[in-house]
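Residues per chain are reported as follows:
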Amino acid sequence: MGSVGVLILGAVLGAFICAKARVAIGAVAFSLIALVLFIATPVGSGLPEAISTFVSAFDRAATPALNGAGTTGAGS
């Protein structure tokens, strides 16, 4: 698995080239490939858990505001 860095770099370069050529589906495909390869490495293995924690914290912070359970009449 020593060449995974080269594969990630190739996928990022492919995404960049597709983006410059205005081929959106190619850029998205190369970006997803790079993301999957990154998550497969030991460095990126914690990424899904970090994203889950961030989304959960954001949801906990936004839910009271969206439900109207905030401080009503605090400025009066």
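Before going into details, it helps to say that this report is about the structure given with it. Sequence order sets the numbering: in each chain, residues are counted from 1 along the sequence as written. Two thresholds apply to this predicted model, a pLDDT of at least 70 for residue-level local features and 80 or more for giving and counting side-chain atom pairs, whereas whole-chain, interface and lining totals are computed over all residues. For side-chain calculations, the full set of non-hydrogen atoms in the structure is used, while hydrogens and water are omitted.

### Observations regarding unusual backbone geometry
Positive phi outside glycine occurs at Arg 22, with the angle close to 60 degrees. Every helix listed is a DSSP run of H or I at least four residues long, and every strand listed is a run of E at least two residues long, numbered separately from the N terminus. With respect to the helices and strands, the residue Arg 22 is situated in the loop between helix 1 (4-20) and helix 2 (24-40).

### Brief notes about helix 1
In a regular helix each residue adds 1.5 Å, so 17 residues correspond to 24 Å; helix 1 covers 24 Å between its end C-alpha atoms and thus fits that length. Residues of helix 1 that are buried: Val 4, Ile 8, Ala 11, Gly 14, Ala 15 and Cys 18. What you see down the axis of helix 1 is that its buried residues fit within an arc of 120 degrees, all on one side. Opposite the buried face of helix 1, at more than 90 degrees from it, the exposed residues are Val 6, Leu 9, Phe 16, Ile 17 and Lys 20. Next to the buried residues of helix 1 lie helix 2. Count one or two residues on from helix 1 and you reach Arg 22, which has phi positive near 60 degrees. Given the number of residues in a helix, its expected span is that number minus one, multiplied by 1.5 Å. Relative accessible area decides the class of each residue, using a 1.4 Å probe on protein chains only: under 20% of the type maximum gives buried, over 50% gives exposed, and in between gives partly exposed. This arc is built from the directions going out from the helix axis to the C-beta atoms. Residue contacts are defined here by distance: any two heavy atoms, one from each residue, within 4.5 Å place the two residues in contact.

### Some details on the packing of aromatic side chains
When the centres of two rings from Phe, Tyr and Trp lie within 6.5 Å, Trp using its six-membered ring, the rings pair. Their planes under 30 degrees apart give stacked, over 60 give edge-to-face, and anything left gives tilted. Per the stated rule, a full pass over the model turns up one aromatic pair. Look at Phe 54 and Phe 58: their rings are 6.4 Å apart centre to centre, the planes differ by 25 degrees, and that puts the pair in the stacked class. Pair noted here: Phe 54 and Phe 58 are both in helix 3 (residues 47-67), with a separation of four residues, about one helical turn. Pair check on accessibility: Phe 54 and Phe 58 agree, each one exposed.

### Brief notes about helix 2
Compared with an ideal rise of 1.5 Å per residue, which puts 17 residues at 24 Å, helix 2 spans 24 Å between its outermost C-alpha atoms and is within 8% of the ideal. Listed in full, the buried residues belonging to helix 2 are Gly 26, Ala 27 and Ala 34. Looking down the long axis of helix 2, one finds its buried residues gathered within 100 degrees of arc, a one-sided arrangement. For helix 2, exposure combined with an orientation more than 90 degrees from the buried face picks out Ala 24, Ile 25 and Val 36.

### Some words on a nonpolar patch on the surface
The patch calculation keeps residues exceeding 30% relative accessible area without a salt bridge and links them within 9 Å when they carry like charges or within 5 Å when they are nonpolar (Val, Leu, Ile, Met, Phe, Trp, Tyr). Using a 1.4 Å probe, the Shrake-Rupley method yields the accessible areas, and only the shown protein chains count as cover for residues. We define a salt bridge as a side-chain nitrogen of Lys or Arg found within 4 Å of a carboxyl oxygen belonging to Asp or Glu. A grouping of Val 28, Leu 32, Leu 35, Phe 38, Ile 39 and Val 43 is seen on the molecular surface, where their side chains present a nonpolar patch of about 520 Å² in accessible area. Locating Ile 39 in the fold gives a position in helix 2.

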